[in-house]
Amino acid sequence: MTLKTVFVLSSLFVSLASAFYLPGVAPRKYRHGEKLTVKVNTLTSDLTPLQFDYYNLPFCEPKGGEKELAENLGEVLAGERTETSAYQLHTNVSRLCKVACKKKWNPRAVKDFRNFASTNFRANMRLDNLPGAELVVFRDQRGQEFVSYRLGYPLAEAFGKNGSQFYVNNHLRITIKYHDVQTAGTRLEKIEEPGVLIVGFELKAMSVEHQYVGDWDDSCVAKNTCPLLTCSPTRGPLPTARRLKLPAPRKPMDVIFTYDVLWVYSDVKWASRWDVYLKMQTQDDEIHWFSIVNSSVI
């Protein structure tokens, strides 16, 4: 299916459905403390048009296991699966160094991860129908640097000779930009409740070789009592922490996945929240636009 076909189909369905609410097209307000759903769907790379399910790799699953969610039209057209994740968010509640899980990767899992990392795969997430995007520095043809966004976050960072070794990106900083809707003292006070509109969803991945005290007990994840020495609930990952290296082939490894959640006020209006995506720089425009259409169509 060509990009032109996707736009034609999306325009057709949007025009047919213009008389009623379209998820992702009408604003959705969230109350303070309300639980939010972070979706995960695909692993993508600018080196190949092939896409893989997020859970093809041994990432953390939510309590009770991952569940497939209802797809929008764009996801159906692309054959994508959207699923729940282990990342727990609540409106306007920032927190640092939350543990998602501790995983034991056998040699086969390590090999699979290496294969994806060596092909520059990125993990994609969505919140309030916005694709998660990483703020990165690009260089134009004249050698001048500029900042833009890129969909998803990288699974790993290459290093060593010919980039043949990898640091595993096991810590994720999630920044949610929001805009307040205040109705007090206005004509809408009696008919519309105040709330928060999400206008940005940023991801920043990093690698941390987590250390902890004593024996590991998985129950610490739900209790928020995991005794990490490398990640502070008031400062985030410590700058002195080493990065987590992917081991040599045929060796297992333990991976502790952690994340931060930061809520940042933004002056961006809800109607303009897609502007940063439309200006994104990418090596594959068709893959880039296909992902955006998937998120915005019904």
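Residues numbered from 1 in each chain as written. Predicted model: local features only at pLDDT ≥ 70, side-chain atom pairs only at ≥ 80, totals over all residues. Heavy atoms only, no water.

Engineer: Give a description of the overall build of the protein that names residues and reports values.
Structural biologist: Per the secondary structure count, the protein includes 6 helices and 16 strands. Evaluated residue by residue, the protein yields a buried proportion of 48% over its 298 residues. The long-range share in the protein, meaning contacts at least 24 apart out of those at least 6 apart in sequence, stands at 74%. For the protein, the accessible area works out to roughly 16,200 Å², and carbon and sulfur atoms hold 53% of it. (Helix = DSSP H or I, 4+ residues; strand = E, 2+ residues; numbered from the N terminus. Buried < 20%, exposed > 50% of the residue type's maximum accessible area, 1.4 Å probe, protein only. Contact = heavy atoms within 4.5 Å. Areas by Shrake-Rupley, 256 points an atom, 1.4 Å probe, with all protein chains shown as cover.)

Engineer: Describe the confidence of the model for the protein, listing the residues and the values that go with them.
Structural biologist: On average, residues of the protein score 83 in pLDDT, and 78% of them are at 70 or above. This stretch, residues 1-23, has a pLDDT under 50; its non-local contacts, to residues over four places away or in other chains, come to 23 contacts. (pLDDT = per-residue confidence, 0-100.)

Engineer: Which residues make up the pattern of salt bridges, and what values do they have?
Structural biologist: Under the criterion given, the structure shown has 13 salt bridges. Ionic pairing is found between R31 and E34, a salt bridge with its closest N-O pair at 3.9 Å. The exposure class assigned to R31 is exposed, which follows from its relative accessible area of 52%. Across the salt bridge formed by R173 and D260, the nearest N and O atoms sit 2.8 Å from each other. One end of the pair, R173, is in strand β12 (residues 171-181); the other, D260, is in strand β16 (residues 253-265), with 87 residues separating them in the sequence. Look at D260 and you get buried, because its relative accessible area is 0%. In the salt-bridge network here, residues are joined through shared partners; they are R28, R31 and E34. (Salt bridge = Lys/Arg side-chain N within 4 Å of Asp/Glu carboxyl O.)

Engineer: I'd like a description of the packing of aromatic side chains, backed by residues and values.
Structural biologist: Using the criterion set out here, one finds 14 aromatic pairs in the structure. Both rings, one in F52 and one in F121, keep their centres 5.6 Å apart while their planes meet at 70°; by these two values the pair is edge-to-face. Of this pair, F52 sits in strand β2 (residues 48-53) while F121 is found in the loop between α3 (107-118) and β5 (122-127), placing the two residues 69 residues apart along the sequence. Residue F52 is classed as partly exposed on the basis of its relative accessible area, which comes to 29%. (Phe/Tyr/Trp six-rings, centres within 6.5 Å; stacked < 30°, edge-to-face > 60°.)

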